[in-house]
Amino acid sequence: MEPTADATAQLLPHLLQLRNLLNRGALYEQAAEAAQVTLDRPAMTILVILDAAKSPLRVGEIAARMQVVGPHVTRQLNTLEKRRMIKRVPDPEDQRARLIALTPAAERLVERYTTVVNGWFAAALTDWPAGDRVELLRLIGRLTTDLTAQLDAVARDSALAEDEL
């Protein structure tokens, strides 16, 4: 792709293609089968989010990271708790509240799953120079952070505008 004065205009089609590629049902099914995972995609997404957080999270934070409403997450958490994949632990900042933590069994499951998926990424990037792989990670992280902040600001502005009506 040649650089243009406004390369961002070329970004959306690529992001949509990447989203579609990563959200294909068959892709999750293949990874789940290879990792011997018997959970549905939303449940596995919660486990991966908790694993990536490196500490227990509130239900609302999990929902925000999934971009879904809290009741959807709560239903999944109830199922995961019955399967002994998560546990509810006291919030050290508010003893009345509970945080969601992975159990050792869930940690092992996430490890198997992410090993499969990370292997696919590693294979796709095998011919990339190490510096390009590091730069890709840095730029995707930056884009995610900045776009999240921008879209949060748009949502806040929209909510304020509705309140003024």
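Refer to the structure presented above.
A brief look at the structure comes next. (Residues numbered from 1 in each chain as written. Predicted model: local features only at pLDDT ≥ 70, side-chain atom pairs only at ≥ 80, totals over all residues. Heavy atoms only, no water.)

Below, the discussion takes up the pattern of salt bridges. Taken as a whole and assessed by the stated rule, the structure comprises 6 salt bridges. A salt bridge links Asp-91 to Arg-58, with the shortest nitrogen-to-oxygen separation between them at 2.5 Å. One end of the pair, Asp-91, is in strand E1 (residues 86-91); the other, Arg-58, is in the loop between helix H3 (41-53) and helix H4 (59-66), with 33 residues separating them in the sequence. Using a relative accessible area of 4% as the deciding quantity, one classes Asp-91 as buried. (Salt bridge = Lys/Arg side-chain N within 4 Å of Asp/Glu carboxyl O. Helix = DSSP H or I, 4+ residues; strand = E, 2+ residues; numbered from the N terminus. Buried < 20%, exposed > 50% of the residue type's maximum accessible area, 1.4 Å probe, protein only.)

On to the packing of aromatic side chains, then. With the rule as written, the count across this model stands at 1 aromatic pair. Ring geometry for Tyr-28 versus Tyr-113: centroids 5.7 Å apart, planes at 50°, classification tilted. Linking Tyr-28 in helix H2 (residues 25-35) with Tyr-113 in helix H6 (residues 104-124), this pair joins segments that are 85 residues apart in sequence. Per residue, the accessibility class of Tyr-28 equals that of Tyr-113, and both read buried. (Phe/Tyr/Trp six-rings, centres within 6.5 Å; stacked < 30°, edge-to-face > 60°.)

Here we take up the packing of H3 against H6. Axis separation between H3 and H6 bottoms out at 10 Å; the angle between their running directions is 100°. Accordingly, the angle class assigned to the pair H3 and H6 is roughly perpendicular. Along its contact with H3, which presents Met-44, Leu-47, Val-48 and Asp-51, the element H6 presents Ala-106, Leu-109, Val-110, Tyr-113 and Thr-114. (Axes fitted to C-alpha atoms, helices over the stretch in contact; angles between N-to-C directions. Parallel < 35°, antiparallel > 145°, perpendicular 65-115°, else oblique. Contact = heavy atoms within 4.5 Å.)

As a further point, take the pairing of E1. Where E1 and strand E2 (residues 94-102) come together, 6 bridges link them in antiparallel fashion. Considered in E2, the bridge of Asp-91 is made with Asp-94. (Pairing = 2+ DSSP bridges.)

Moving on to H4. For an α-helix the count is 3.6 residues per turn, leaving residues at separations of three or four pointing the same way. Of the residues making up H4, those classed as buried are Ile-62, Ala-63 and Met-66. Projected down its long axis, H4 carries its buried residues within an arc of 100°, all on one side. Of the surrounding secondary structure, the elements contacted by the buried residues of H4 are H3, helix H5 (70-82) and E2. Directly beyond the C-terminal end of H4, a positive phi value near 60° is found at Gln-67. (Arc of directions from axis to C-beta.)

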